[in-house]
Each structure stands twice: as C-alpha cells, then as structure tokens.
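Residue-level structural notes
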Amino acid sequence: MKIGKQTIKLNSKPCIYSTSSIVGPKEMQGPLAQYFDMHIKDIFFEEKSFEKAESKMLESCINNLIVKSGISQKDIDVIFSGDLLNQCISSGFAIRDFDVPFLGLYGACSTFCEGLLLSSLLIEGNTANQVIASASSHFCSAERQFRLPLEHGNQKSPTAQATVTASGAALVTNRAVADNGIHITHVTPGKIIDLGVKDMSNMGAAMAPAAFSTISNHLTDTGRDIDYYDYIFTGDLGVHGSDMLRELFKNEGIDISSKHKDCGVIIYDENTQDVNCGGSGCGCIASVFSSYIFNELKAKNLNKILLVATGALMSPLSSSQGESIPGIAHAIAIENEV
Amino acid sequence: MNTNLNISNSEYDDLISKKAQKSPMLRNIFFAFVIGGLICMLGQFINDTLQNYGISKDDASIYTSISLIFIGAFLTSINLYSRLGKIAGAGSTIPITGFSNSIVAPAIEFKSEGYVLGIGANMFKVAGPVLVYGVTSTVILGFVYYLFNYIF
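Each chain carries its own residue numbering, running from 1 in the written order of its sequence. All chains are assigned letters beginning with A, and all ligands numbers beginning with 1, in the order in which they are written. Since the coordinates come from a predicted model, pLDDT governs what is reported: local features require at least 70, and pairs of side-chain atoms require 80 or more to be given and counted, while whole-chain, interface and lining totals use all residues. As a rule here, side-chain values come from all non-hydrogen atoms in the structure, and water together with hydrogens is ignored.

**What about empty space enclosed by the protein?**
Residues and elements named next belong to chain A. Our working rule: Both cavities and pockets are sets of points on a 1 Å grid over the protein atoms alone; in a cavity a 1.4 Å probe fits but cannot get out, in a pocket the set is open with protein on both sides within 12 Å along at least five of seven lines, and lining residues sit with an atom within 4 Å of a point. Grid points are joined across faces, edges and corners, and a volume is the space filled by probe spheres set on the points. Three classes are used, and their members are as follows: Ala, Val, Leu, Ile, Met, Phe, Trp, Tyr, Cys and Pro are nonpolar, Asp, Glu, Lys and Arg are charged, and the others, Gly among them, are polar. These domain limits were set by an automatic method or by a database of domain assignments.
Throughout the structure, instances matching the rule amount to three cavities of 30 Å³ or more. The calculated volume of the largest cavity comes to roughly 100 Å³. For the largest cavity, the full set of lining residues is L84, Y106, A108, C109, F146, R147, T163, M203, S280, A312 and M314. A breakdown of the residues in the lining of the largest cavity according to their chemical character gives eight nonpolar, two polar and one charged. The residue makeup of the lining of the largest cavity includes at least three contributed by each of domain 1 (14–173) and domain 2 (182–336).

Have a look at this one:
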C-alpha cells in the first residue's frame, strides 16, 4: 500500500530469512572480518580473469545462501542480481548454472536495496514465496572499467573511494513459508537527484543529496522521526559523502550523526588500509548487510534499521562527455518482530 | 527538479569544497621533486658512465632512454611502479619511466582479452594521447623551424 509521496507499506511484512556473504583479502583485513561467511585468499579466485573471479564469487555466495537456508533451488522463485560491469556480466554468468528465473538489475551501488525492494514487492503481491536478492563487485574488474589500469602509477584524490571485492545475497521469504522475525516493513524507492557534481573521484558527494531526499521523504511518508530507528545504514557514501549527508540534514536542523553509519566507512579501517574515503561498489552494502548488520538484527542488538543504498548512475562515457553524476538512493525499513 | 532539497547546485558545490579533504599539496610537490629528480639523476648517471666508456654522446642518450624504459617496464611488472606513483605522483609519471609504465600497465591488464583485441587494442590507452599530440606538435614545430630557417 502506497503511503505519502513515495513509500510503500508492506502489509505482509516479508521476512529476510537468511543471508550470505563473501569478501576479498583486503576486506578480510578490515574491522568486520569476523562477520563474513566466506572469503577468497587470492584476488583471481583461481580464475583467469577478474570478471570470472567476480562471477565465481557471486555464484559461491548464492550457493552458500541456498545451503544455509536449507532450501533447494526449485523452491526459489526468482533471483535478482546486479553488479557494476557492463551488461551485468558478473551476475549473468554467476547465475547461468542455476535452474532459477533471473532478473538482472543495474542501480550502481544501490543495486542490493533495489533487489531487496523488488523481492519484497513480489512477495507482498503474493506472486512469489522465496526470492533471492544479491549483488557483487570486484576491485580489479571495476577499477579497470571505470578508472586506470591497476599497475599504472598515479595518485588518487583524497575523496576517492575503493571498490569493495565482495558479494552479498539475502533470501526474502513469505512469512507463511518461513519466518525468523526479521521483516521488511516499508520500502521507499528513490528519485534521481543530481546537484551537478561532476567529479568522478567524489561520488560520495554526488550521491549524498539522493540519500538525503530518500531518507527525509521516507520519514515524512511514514510519519516517523529519525529516533524511531536504531540506525540508518547508508552504503556507500564513504567518509566525505557521509559528512555531506550530515551537513544536508544539519541544514534542516536535524542531527543524524549519532544515528548514521555508512557501510563504505565501516568495512575498512580508513587509517591503516589505504582506501582514501572508504569502500564503494554493489558488493559493499550487500556484504556488510549480509554479515554484520544481519547478525546484529538476529542477535536483537539492532531492532529497527533503515537500509539506504546509494548509487551513482554515470558511466566513464557520460563523464567524458561532461555530464554530471546523477545519484539515487533506495530505502528499506527492516524491523525485528517484538 | 522535484526534490525536497533546499540547496542550490552552487551552494552544494561550495559546501563540497569546504568539506572535502584536499590533496596534501606541499607533501606531493616535495616527493614529486625528490623522486622525479632521482630518476633524472639515474638517467644522467647511466649517460655519463656510458660516455666514460667511450660511447658517443648520441649513442649514450639512446642507450640511456632504452635503459630507463626497461627499468620502468620491469618495476611495473613486479607491481612496484604503481606504489612509487602513489608517493611520487607527477615525479614518476613525467620521466620516460612513467611513459613506459603507462604502456606496460594496460598491456598487463588487458592480457585477459587476448593478444589482438586485448593487448594490441589497449596498450596505448593511456599513452595514446601523449603520442598523438606529441607527434603532432613535433611536426608543427618542425615545420615552423624549417620556415624560419628558409626565410631568414
């Protein structure tokens, strides 16, 4: 049921039944290492190219989810998946061997929430019972598509973010089929917001206004205030983008600093890991949600969260043509049944 | 645009410039100067040594370039040049070792797409513009030089 301007209230409260995550070596050195299900030691994952490695990572992640959830492939109605590579090849090739309908998504780093959002809507409409939402990114495959070759000696801007090597997947179920008390209660699909930022090495600032717009519309639509939630998790604004988001809220007289965490910031240790402003990429919020956040929800350390995935909808081509960076953010309210 | 943002593009731009962390300019310039200078000193050392062993000045310059190109390519292949570049910036991109790096780096990266469509098509991805405009401006300058000599 639509409420307010752009929020959908899910009366059936679809359940996030289980999650699965896999990360690369660098993420394993980060502060969230203990929460990840699996990790790869070698950035090539025993494959011949980075793209193949990314596909294999996503495939392992979804396989792990299926095993963890104790379901079989035939029980899954649809898999939503997306990544950063042209034509979403990581997802296409990863899901090639699954005997499950596949819907590919592109929302840049917002893909995971877009997948969760669509999954929950399918379940709300009673057209599916068990749906998988997943996303992945790989530092080396993204870097070579969007930036310069890895071995090229250059300096990065202090506002740049590093693409996270990770995949995350979540199984969304109809509560009648499986329920663990963690429910999606509202979803707010975002509008594209573009405040004219053109700097490709400052995507955090380009996406922050979209995150602001979606979060504040979500709060207005649901009649909630920021204190309703234990935390608002954005992904991946990075250090600078988070700062910009806080500034935008400060302009409206709202202080979100104690209520806001960014997945791109918490996945790495910014002081020791040489990642400039933090992590980015589809796999960032996907893996952080599927590990750390979901764990905290299960342990009831967190009970009400707003998950806001932000994406920068540009390509190297549009940037070369002088276009600015359109930002998007999708919000999902996840609450523990008390 | 239909948004609830009470901030204009230019106000937001100002806010970014105020909040964004700046590149450590002085530190970057210092390391670019020192490391770039060291690379040039290495070149001079090779050149002087060769001339000392009786190689003509012209030949010594060519051997120096070849040696530096090899060093750049070798350091790139063992993933050291990118680390050097992180510290030195323009200090390691401007000398001929950096030019070598900009050709070897894509060659390594695009090997997965094969020898023709991968390495062949992408090897000059970074260095290509330098070559195009380098050669073009050399031709133009050569022409001007020729005219100048011809007239005066």
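The structure having been displayed, the exposition proceeds.
**Brief notes about the interface of chain A and chain B**
Using the following cut-off: Contacts are assigned to residue pairs with any non-hydrogen atoms lying within 4.5 Å of each other. What gets called buried area is simply the loss in accessible area from a 1.4 Å probe that two parts show on being joined, summed for both. Here, a salt bridge means any Lys or Arg side-chain nitrogen found within 4 Å of an Asp or Glu carboxyl oxygen. Two N or O atoms form a polar contact when they lie within 3.5 Å of each other; inside protein one atom must be a possible hydrogen donor and the other a possible acceptor, and for residues adjacent in sequence the pair counts only when both atoms belong to side chains. Here a helix means four or more residues in a row that DSSP labels H or I, a strand means two or more in a row labelled E, and each is numbered from the N terminus.
Across the contact, 36 residues belong to chain A and 38 residues belong to chain B. Taking both partners together, chain A and chain B bury about 3100 Å²; carbon and sulfur atoms supply 56% of that area. Of all residues in chain A, A:R144, A:E151 and A:Q155 bury the most surface against chain B, accounting for 23% of the area lost on that side. Seen at the junction of chain A and chain B, the total is three salt bridges. Note that B:K86 is salt-bridged to A:D274, the shortest N-O span being 3.1 Å. Where chain A touches chain B, the interface holds 12 residue pairs in polar contact (both at pLDDT 80 or more). Those elements that place two or more of their residues in the side of chain A that touches chain B are α6 (203–222) and α7 (238–251) of chain A. Ranked by residues supplied to the side of chain A that touches chain B, first place goes to α6(A) with seven residues.

**Focus on a positive patch on the surface**
For the record, the criterion: Candidate patch residues must exceed 30% relative accessible area and have no salt bridge, after which like charges are joined if within 9 Å and Val, Leu, Ile, Met, Phe, Trp or Tyr side chains if within 5 Å. Accessible surface is estimated by sampling points in the Shrake-Rupley manner with a 1.4 Å probe; for residues, cover comes only from the protein chains shown. Note that His is not counted, nor are the chain ends; the positive residues are Lys and Arg, and the negative ones are Asp and Glu. In plain terms, the charge of a residue is placed at NZ if it is Lys, CZ if Arg, CG if Asp and CD if Glu.
A cluster of basic residues, A:K48, A:K52, A:R96 and B:K111, forms a positive patch on the protein surface. Within the secondary structure, B:K111 is located in the loop between α6 (96–109) and α7 (115–122).

**Description of the packing of α7(A) against helix α1 (residues 9–19) of chain B**
Selection criterion: In this description, a line fitted to the C-alpha atoms serves as the axis of each element, helices being fitted only across the stretch in contact, and the angle between N-to-C directions of two axes falls anywhere from 0 to 180 degrees. In this scheme, roughly parallel covers angles under 35 degrees and roughly antiparallel covers those over 145, while 65 to 115 is roughly perpendicular and the rest are oblique. Note on convention: near helix rotated counterclockwise from far helix by under a right angle means a left-handed crossing. Clockwise means right-handed.
Packing of α7(A) against α1(B) brings their axes to within 11 Å, and their N-to-C directions diverge by 130°. As judged from the angle between their axes, α7(A) and α1(B) are oblique. For the element pair α7(A) and α1(B), the recorded crossing hand is right-handed. On α1(B), the residues that touch A:H240, A:D243, A:M244, A:E247 and A:L248 of α7(A) are B:Y12, B:L15, B:I16 and B:K19.

**Quick notes on the domain arrangement of chain A**
Residues and elements named next belong to chain A. For chain A, the assigned domains are domain 1 (14–173) and domain 2 (182–336). Area buried by domain 1 at its contact with domain 2 is led by Y35, C109 and Q161, which between them contribute 17% of it. Connecting domain 1 to domain 2 are zero salt bridges. Of all the elements in the fold, those that place two or more residues in the side of domain 1 that touches domain 2 are β3 (15–23), α1 (25–28), α4 (111–124), β7 (130–137), α5 (139–146), β8 (162–163) and β9 (166–173). Broken down by class, the residue content of the side of domain 1 that touches domain 2 amounts to 27 nonpolar, 21 polar and six charged.

**So, the layout of surface pockets**
Picture a little ball the size of a water molecule; that probe, rolled over the atoms, points out where space is still empty. Approximately 1500 Å³ is the volume found for the largest pocket. Taken together, 50 residues line the largest pocket, and the ones lying closest to its centre are A:K156, A:D274, A:V275, A:N276 and B:K86. Looking at the lining of the largest pocket, the elements with two or more residues in it are α1, α5, β8 and α7 of chain A together with α2 (25–52), α3 (57–77) and α4 (81–88) of chain B. Ranked by residues supplied to the lining of the largest pocket, first place goes to α4(B) with four residues. When its residues are assigned to classes, the lining of the largest pocket shows 19 nonpolar, 18 polar and 13 charged. Each of domain 1 (14–173) and domain 2 (182–336) of chain A contributes no fewer than three residues to the lining of the largest pocket. Around the second largest pocket, the lining residues are A:E51, A:L85, A:N86, A:I89, A:S141, A:R144, A:Q145, B:F110, B:E113, B:L117, B:N122 and B:K125. In terms of residues, the lining of the second largest pocket owes the most to one element, α5(A), which gives three residues. Split by residue class, the lining of the second largest pocket holds four nonpolar, four polar and four charged.

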